[in-house]
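# Commentary on secondary and tertiary structure
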Amino acid sequence: MRHLVTALSFAIFSTHAAALDLGSISNADASQGLKQALMQGAERAVTQLGQAGGFLDNPEVRIPLPESMQKAEKAMRMFGMGKQADELVLKMNQAAEAAVPEAKALLVNSVKQMSVQDAKDILTGGQDSATQYFRRTTSASMAEKFLPIVKNATQNVELAQQYNKFAEMGSKYGLVGKDQANIEQYVTQKALDGVYRMMAEEEKAIRQDPMGQASNLLKKVFSAVK
């Protein structure tokens with residue numbers, strides 16, 4: 001990433017005189033340190049969410065019934081359909097957990113495609129600027145990878161099929177949002193949201209405590225930024 005250090009010196013370090021001198025970080029170090037930070041956050045997020053219970057047991061990303069179905073959930077349980085509702089929640093979250101590992105290769109490729117301007121924006125941006133970069137560059141391809149896995153996991157759930165039938169009709173009349181018109185699209189989007197949410201948390205932790213991270217390059221680059 002030629003001239004990255006020079007560019008960053010004006011954007012960041014002119015206002016951080018007490019921080020590590022940017023000149024002490026080579027172009028290669030700045031590039032590699034940033035990429036390690038991105039890889040680390042992505043790998044942790046994917047690993048955490050892709051394990052059994054990664055979604056279901058985490059209240060921050062657990063996928064609930066679609067909002068339109070939540071309104072009828074109480075009545076469903078009154079009429080003995082509680083088990084069906086619970087099964088659907090279980091299958092939705094398991095579908096997300098099964099799909100998430102597909103994200104890793106896409107995230108790695110996104111890092112490889114990162115431009116000098118992207119790197120500058122990430123290092124000078126907010127607490128989740130790297131996460132936003134990933135969202136911008138991977139969300140479409142990730143959704144494409146996730147969707148068939150989610151479909152396979154939910155296709156035999158009777159309540160899911162019943163929901164799809166009525167939700168599709170409801171969406172035509174504006175009674176159900178397009179993002180909830182079928183279970184598969186709904187779960188896919190929630191899985192994406194979960195990935196980026198966990199990545200944002202990892203990114204925030206790295207920025208706030210670079211000295212607590214394992215990589216010396218991470219410490220060097222992000223301590224300088226901080």
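In the nomenclature of an unreviewed UniProt entry, the chain corresponds to DUF4197 domain-containing protein from the organism Methylobacillus flagellatus.

### Thoughts on the overall build of the chain
The helix and strand inventory of the chain stands at 10 helices and 0 strands. Starting at the N terminus and walking to the C terminus, you meet the elements of the chain as α-α-α-α-α-α-α-α-α-α. Expressed as a percentage of its 226 residues, the buried residues of the chain come to 42%. Restricting the contact set of the chain to residue pairs at least 6 apart, pairs at least 24 apart contribute 75%. Here the chain has roughly 11900 Å² of accessible surface; of this, 51% comes from carbon and sulfur atoms.

### Overview of the nonpolar core
For soluble globular proteins, the rule of thumb is that nonpolar side chains tend to be buried together. Ranked by internal contacts, the top residues of the largest apolar core, which has 46 residues, are Leu-88, Met-92, Met-142, Phe-146 and Val-187. Every element with two or more residues in this core is listed here: α2 (27-50), α4 (82-99), α5 (103-112), α6 (116-124), α7 (129-154), α8 (158-172) and α9 (183-208). Sort the elements by how many residues they give to this core and α9 lands first, with 9 residues. Sequence-distant contacts of Met-92, that is, excluding residues within four places in its chain, are made with Ile-63, Pro-64, Leu-65, Ile-183, Tyr-186 and Val-187.

### A closer look at the environment of Ala-96
Turning to its location among the elements, Ala-96 is positioned in helix α4. A sequence separation of 40 residues divides Ala-96 from Leu-56, and the C-alpha atoms of the two residues are 9.2 Å apart. When neighbours within four sequence positions are excluded, Ala-96 is seen to be in contact with Phe-55, Ile-63, Val-187 and Ala-191.

### Comments concerning α6
Buried within α6 are the following residues: Asp-118, Ala-119, Ile-122 and Leu-123. Along α6, the residues classed as buried sweep out an arc of 125° about the axis, all on the same side.

### A look at the confidence of the model for the chain
Interpretation of the predicted coordinates at a detailed level should be avoided for regions scoring low in pLDDT. Residues of the chain with pLDDT of at least 70 account for 70%, and the chain-wide mean is 77. The element-level mean pLDDT for the chain is lowest in helix α1 (residues 4-11), coming to 33, with α7 highest at 94. Taken together, the stretch residues 1-24 has pLDDT below 50 and engages in 43 contacts with residues farther than four places along the chain or on a different chain.

### Here's the deal with the side chain of Glu-97
Checked against the element boundaries, Glu-97 lands in helix α4. For the buried Glu-97, which has no salt bridge, the nearest side chain bearing the opposite charge is Arg-62, at an N-O separation of 8.4 Å. Separated by 3.1 Å, the side chain of Glu-97 and the backbone nitrogen of Leu-56 make a polar contact. Apart from the residues within four sequence positions on either side, Glu-97 is in contact with Leu-49, Gly-50, Gln-51, Ala-52, Gly-53, Gly-54, Phe-55 and Leu-56.

### Some points on the packing of α4 against α7
The geometry of a pair of packed helices is captured by two quantities: the angle between their axes and the separation between those axes. Viewed as axis vectors pointing N to C, α4 and α7 meet at an angle of 145°, and their least axial separation amounts to 9 Å. Relative to α7, α4 is oriented so that their crossing is right-handed. Contacts between α4 and α7 involve Lys-91, Ala-95, Ala-98 and Ala-99 from the former and Phe-146, Ile-149, Val-150, Ala-153 and Thr-154 from the latter. The residue makeup of the contact of α4 with α7, split by class, is 7 nonpolar, 1 polar and 1 charged.

### Re the pattern of salt bridges
Applying the stated criterion to the full structure yields 4 salt bridges. Measuring nitrogen to oxygen at the nearest pair gives 3.2 Å for the salt bridge that ties Arg-44 to Glu-202. Taken together, the residues span a long stretch of sequence, with Arg-44 in helix α2 and Glu-202 in helix α9 at a distance of 158 residues. Assessed through its relative accessible area of 14%, Glu-202 is described here as buried.

### Topic: the environment of Leu-106
Within the secondary structure, Leu-106 is located in helix α5. Counting along the chain gives 28 residues from Leu-106 to Phe-134, while the straight-line C-alpha distance between them is 9.3 Å. In this view, Leu-106 contacts Thr-138, Ser-141, Met-142 and Lys-145; residues no more than four positions away in its chain are not counted.

The rules behind each value
Residues numbered from 1 in each chain as written. Predicted model: local features only at pLDDT ≥ 70, side-chain atom pairs only at ≥ 80, totals over all residues. Heavy atoms only, no water. Helix = DSSP H or I, 4+ residues; strand = E, 2+ residues; numbered from the N terminus. Buried < 20%, exposed > 50% of the residue type's maximum accessible area, 1.4 Å probe, protein only. Contact = heavy atoms within 4.5 Å. Areas by Shrake-Rupley, 256 points an atom, 1.4 Å probe, with all protein chains shown as cover. Core = buried A, V, L, I, M, F, W, Y, C linked by side-chain atoms within 4.5 Å. Arc of directions from axis to C-beta. pLDDT = per-residue confidence, 0-100. Lys, Arg positive; Asp, Glu negative; His and termini not counted. Salt bridge = Lys/Arg side-chain N within 4 Å of Asp/Glu carboxyl O. Polar contact = N/O pair within 3.5 Å; in protein donor to acceptor, adjacent residues only side chain to side chain. Axes fitted to C-alpha atoms, helices over the stretch in contact; angles between N-to-C directions. Left-handed = near helix turned anticlockwise from the far one by under 90°. Nonpolar A, V, L, I, M, F, W, Y, C, P; charged D, E, K, R; others polar.

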